[in-house]
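Here are the chains, one letter per residue:
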Amino acid sequence: MNVLLSIKPKFANKILVGEKKYEFRKSKINPKKNVNKIFIYSSSPVKKIVGSFRIEKVFEDTPSNLWDRFNEFGSIEKKDFFEYYKQKEMGCAFKIKDLEVFENQIDPKEIFEKFVAPQNYRYLNDEETSKIQNDSISPKISDYHTASLSSDKQISRLLSESEIDELDRLLLPHLSKKYPNFESWLQKAKDGIKEGSRIAFGEWAYGKLISTIILKPTVSGNVELKSLFVDPDFQGAGRGPQIYEIAEKQCLKMNFKKIVVDTFCQDNDIVHFLISSGYKIYGKEDLYGNGNESYLFSKTLKPQYVGDPYDWEAITEWLIENHFGFEIEENHPIIDKRALDFSIKKKINSKFEIKGLIEVKDTLVDQDPVSMLYQKTIDGGYHVPIFIGRKFKSRATDFAKSKGVILIDEKGITEISGHKPPEVTKKDIRGILLPIKPEFYQKIVLQGLKNFVYFKGAPFGKSLKQGDSIVFYVESPRKEISAYGIIKSTSIDKPEIQWESYGKRSVFDEKDFFRFANSKREILAIEIKSFTEIKPIGHKDIIQRIPAKLLSGAYIDKETLDKLI
């Protein structure tokens, strides 16, 4: 059973653009009718069926309580809200999900005999529903401009169960006929995403999932790329390469060395895309037993540092393992009563190995520390002295050349690794701009939280200190800065330890947390106090104030903080 719901045009439009998340009604729809879908009838003067949605949850309460809980997400003025509920003791709010916007809006008089617009709503039988769906052809998102694609990314990781279940609507109609047993495979994939053993990303447009990619880590330490797919209505605008780029960055964050993927030999566009993206064919098989051979592709990833940009010891460890070809023998070894940062070694053959000492200074380095490192290398019987510093004075450079000490400064790190130094110096950090999914932000607001713990992937964020600010950027479809808080403390540890320590005060529930944290070795817990909402700053206004690249998460200085709050 479905329902045709009459909504004033100004509110219908706010639903269609994803701004209005709750629909307020004086009474709820009869639960015994088992309603599946709500079709939106935009009343006079539009008089068209313009889209549909499903109800995720119904909240029944007094008008006053409904306003307190949902006014921010209902897109209605307070005066209009209480005028609507005048002399009503109870009301209800429908939480909207699975929004579809019809590109071909439907005149109901053209498909229904003697149509009379419902004052509130009317039930639709199967035949009437079929007429609506057939006349709308396939529901599409309208008014989504590709011109904003490069500067207005709306790709995020699929974390909530409702987001993950959207994969059915996007993938099944197009891939179930192409791949044998695809429906059962997709169910397993969704279960894996919900457990955290697989990772999925998606691009959203006005509440609808329009592209996705799924990553499956393997026991061999590689990662399989699955179901890179873009809704046919949105193909040809570069969305495939865009979401692929996000997925590859995730593989680098997870320290995977290789991505493997397969595609049917006749899928020329995908084959060309993979080859142009650096993949090589290593085999050809009939993987699915349907007579269609697939190319087997693999790509070896060039390591990139993705940790905290101010953690010079972490940067050094990464350089040792990924570029120097050494392994760390000991952290902070004691050489002749002097502690250094690392001892390293590299096995040449069964009889010989090269050993070295490394010192790290996040400062301007003079000759004396370089001289000390050289002497300890000799005293300890090591072969190679390496000094990593922010910059070196000329006499330190001259000494190093004469004694064979390897010096690597900030510019050298950039040349070796491609890791660019941050634009904000460590001493100038005053906070962090942090993206947050709308449902988690909504949970903070609805529960009236002022002091809580927010989790994010470590180690980025470890340079925050007590008293710094955290500015929340609410992701698509809202795309606005809506609140900030003050950082009370930060902590980095294993996921299970962080949940045990902070889970009860977290915005996440246990399932959401471990789905998010399953692929991570460490989690950063940020203890926040004095959470404060502000007048929302819309996306267009934000990018006039600060670079758009900061919206994916970045340290900010006082100047940037002042521009935002």
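Report follows, based on the coordinates. Computed from a predicted structure; not experimentally measured.

As a further point, take the sheet that holds strand 9 (residues 208-217). Pairing within the open sheet is mixed, and its seven strands lie in the order 7-8-9-10-11-13-12. Every other strand in the sheet has two partners, leaving strand 7 (155-157) and strand 12 (280-285) as the edge strands with one partner each. Recorded for the sheet is a direction-independent mean angle of 25° between the axes of neighbouring strands. Taken together, the three bridges between strand 7 and strand 8 (residues 199-205) define a ladder with antiparallel strand orientation.

As a further point, take unusual backbone geometry. In this model, Ser44 is joined to Pro45 through a cis peptide bond whose omega is 10°. On the secondary structure map, Pro45 appears in the loop between strand 3 (38-42) and strand 4 (48-61). Positive phi values are uncommon outside glycine, yet Asn181 reaches one of about 60°. With respect to the helices and strands, the residue Asn181 is situated in the loop between helix 5 (161-175) and helix 6 (182-195). Owing to a relative accessible area of 62%, Asn181 belongs among the exposed residues under this scheme. The phi dihedral of Asp336 is positive, around 50°, even though this residue is not glycine. Secondary-structure assignment places Asp336 in the loop between strand 15 (334-335) and strand 16 (338-339).

Right, let's get into the sheet that holds strand 14 (residues 327-331). Strand order in this open sheet of five strands is 14-17-18-19-20, and the pairing throughout is mixed. Here the strands that pair on one side only, and so sit at the sheet edges, are strand 14 and strand 20 (406-408). Across the sheet, the mean angle separating the axes of adjacent strands is 30° when strand polarity is ignored.

On to the pattern of salt bridges. This model, assessed by the stated rule, comprises 38 salt bridges. Two residues, Lys28 and Glu60, come together in a salt bridge whose shortest N-O distance is 3.3 Å. One end of the pair, Lys28, is in the loop between strand 2 (22-25) and strand 3; the other, Glu60, is in strand 4, and 32 residues separate them in sequence. We classify Glu60 as partly exposed; its relative accessible area is 47%. Two residues, Lys249 and Glu245, come together in a salt bridge whose shortest N-O distance is 3.5 Å.

Relative orientation of the contacting elements helix 14 (residues 495-502) and helix 15 (residues 510-517) amounts to 155°, with a least axis distance of 11 Å. Taken as axis vectors, helix 14 and helix 15 run roughly antiparallel relative to one another. Every pair of crossing elements has a handedness; the one defined by helix 14 and helix 15 is right-handed. Along its contact with helix 14, which presents Pro495, Glu496 and Trp499, the element helix 15 presents Glu510, Phe513, Phe514 and Ala517. For the contact of helix 14 with helix 15, a count of residues per class yields five nonpolar, no polar and two charged.

Definitions and cut-offs
Throughout, residues of each chain are indexed from 1 in the direction in which the sequence is written. Only residues with pLDDT of at least 70 are given local features in this predicted model, and only at 80 or more are side-chain atom pairs given and counted; all residues enter the totals for whole chains, interfaces and linings. Calculation of side-chain values draws on the structure's entire complement of heavy atoms; hydrogens and water are dropped beforehand. The pairing criterion is simple: DSSP has to find at least two bridges between the two strands. For helices the rule is a DSSP run of H or I covering at least 4 residues; for strands it is a run of E covering at least 2, with both sets numbered from the N terminus onward. Here the axes come from fitting lines to C-alpha atoms, over the contacting stretch only for helices, and the angles between their N-to-C directions go from 0 to 180 degrees. Here's how the labels work: a residue is buried when its accessible area is under 20% of the maximum for its type, exposed when over 50%, partly exposed in between, all with a 1.4 Å probe on protein chains only. Definition used for salt bridges: Asp or Glu carboxyl oxygen within 4 Å of a side-chain nitrogen of Lys or Arg. Should an angle fall under 35 degrees it is called roughly parallel, over 145 degrees roughly antiparallel, and 65 to 115 degrees roughly perpendicular, with every other angle called oblique. Here a crossing is called left-handed whenever its near helix is offset anticlockwise from the far helix by less than a right angle, and right-handed whenever the offset is clockwise. Residue contacts are counted whenever heavy atoms from the two residues lie within 4.5 Å of one another. Residue type decides the class: Asp, Glu, Lys and Arg count as charged, Ala, Val, Leu, Ile, Met, Phe, Trp, Tyr, Cys and Pro as nonpolar, and the leftover types, Gly among them, as polar.

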